[in-house]
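These are the residues of each chain, in order.
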Amino acid sequence: MVEQSYLTKVIKERRAIKKGYTDKEVKEETVRELLEPAIWAPTHGIRQPWRFIFVGQDRLPDFAKKVASTYPEGRRENRENYLNEPNAILVVLMEESEIPKQWEENYGATAAMIQNFWLLAWEKDLGVVWKTNPHIYDQKVKEIIQAGENEKIVGFIHLGYFDEVPAKKDRISVQDKFTVY
């Protein structure tokens, strides 16, 4: 049996940490340190189309209340509680292009950067989950975070330290997804 590389091990062990966060604070400095190598993701034309907004533990309640206020009255409390579950949120935005090819390249680069960030965070026992809830498409939320006209919210990255690793979910074998032309 061939021994797995460290990178292979991290890729296979990484999980989405959706809840069960500890009280340990996710610091802005830690997120910046993880982003520095994460931004080395492939990016066509070195466009580096991403931008980040960090919402730390101290600002999270106000942020959650503002974002939740964009939902219908009956869902606001639920959404506010939901947005207060992680210890911090990293909002990831990308530059949108009117050229479809560039738009897709920008989205692909941003997704690759998020995966890099996720793997680096996992290595530091920092839980991550990439959230794409309806509020990321809401113009009012774009206004709350002061997103530019040509920026898309790619996701709210929920962050928090954790004690328990969720169970591994199997993947469909490459053999079942692979053909030769």
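Everything below is about the structure shown above.
Everything in this summary refers to the structure shown in the same document.

Remarks on unusual backbone geometry
No. 1: In this structure, Asp125 is a non-glycine residue whose phi angle is positive, near 60 degrees.
No. 2: Residue placement: Asp125 occurs in the loop between helix H5 (100–123) and strand E3 (126–131).
No. 3: Non-glycine residue Gln146 carries a positive phi angle of around 60 degrees.
No. 4: By the element assignment, Gln146 lies in the loop between helix H6 (139–144) and strand E4 (151–161).

Some details on the packing of aromatic side chains
No. 1: Evaluated as defined, the whole model comprises 3 aromatic pairs.
No. 2: Centroid distance Trp103 to Tyr107: 5.6 Å. Interplanar angle 5 degrees. Geometry classified as stacked. Taken together, the positions of Trp103 and Tyr107, both in helix H5 and 4 residues apart, correspond to about one turn of that helix.
No. 3: Judged by its relative accessible area of 26%, Trp103 falls in the partly exposed class.
No. 4: By relative accessible area, Tyr107 is classed as partly exposed at 28%.

Some details on a nonpolar patch on the surface
No. 1: On the surface, Val174, Phe178 and Val180 cluster together into a nonpolar patch covering about 360 Å² of accessible area.
No. 2: Position of Phe178 relative to the elements: it lies in the segment after E4.
No. 3: Residue classification places Phe178 among the exposed positions, given a relative accessible area of 55%.

A closer look at the environment of Val92
No. 1: Checked against the element boundaries, Val92 lands in strand E2 (residues 88–95).
No. 2: When near neighbours in sequence (up to four residues on either side) are disregarded, Val92 contacts Arg51, Phe52, Thr110, Met113, Ile114, Lys152, Ile153, Val154, Gly155 and Ile157.

Some thoughts on the nonpolar core
No. 1: Counting 23 residues, the largest nonpolar core has Leu90, Met113, Phe117, Ile157 and Leu159 as its most contacted members.
No. 2: Looking at this core, the elements that each hand over two or more residues are helix H2 (28–38), E2, H5, E3 and E4.
No. 3: If one sorts the elements of this core by residue count, H5 sits on top with 6 residues.
No. 4: Ignoring any residue separated from it by four or fewer positions in sequence, one finds Ile157 in contact with Ala88, Ile89, Leu90, Val92, Ile114, Phe117, Val128, Val129 and Trp130.
No. 5: Val91, Leu93, Ile153 and Phe156 belong to the second-largest nonpolar core, a separate cluster that totals 17 residues.

Cut-off values and rules
Residues numbered from 1 in each chain as written. Predicted model: local features only at pLDDT ≥ 70, side-chain atom pairs only at ≥ 80, totals over all residues. Heavy atoms only, no water. Helix = DSSP H or I, 4+ residues; strand = E, 2+ residues; numbered from the N terminus. Phe/Tyr/Trp six-rings, centres within 6.5 Å; stacked < 30°, edge-to-face > 60°. Buried < 20%, exposed > 50% of the residue type's maximum accessible area, 1.4 Å probe, protein only. Patch = residues over 30% accessible without salt bridge, like charges linked within 9 Å, V, L, I, M, F, W, Y side chains within 5 Å. Areas by Shrake-Rupley, 256 points an atom, 1.4 Å probe, with all protein chains shown as cover. Salt bridge = Lys/Arg side-chain N within 4 Å of Asp/Glu carboxyl O. Contact = heavy atoms within 4.5 Å. Core = buried A, V, L, I, M, F, W, Y, C linked by side-chain atoms within 4.5 Å.

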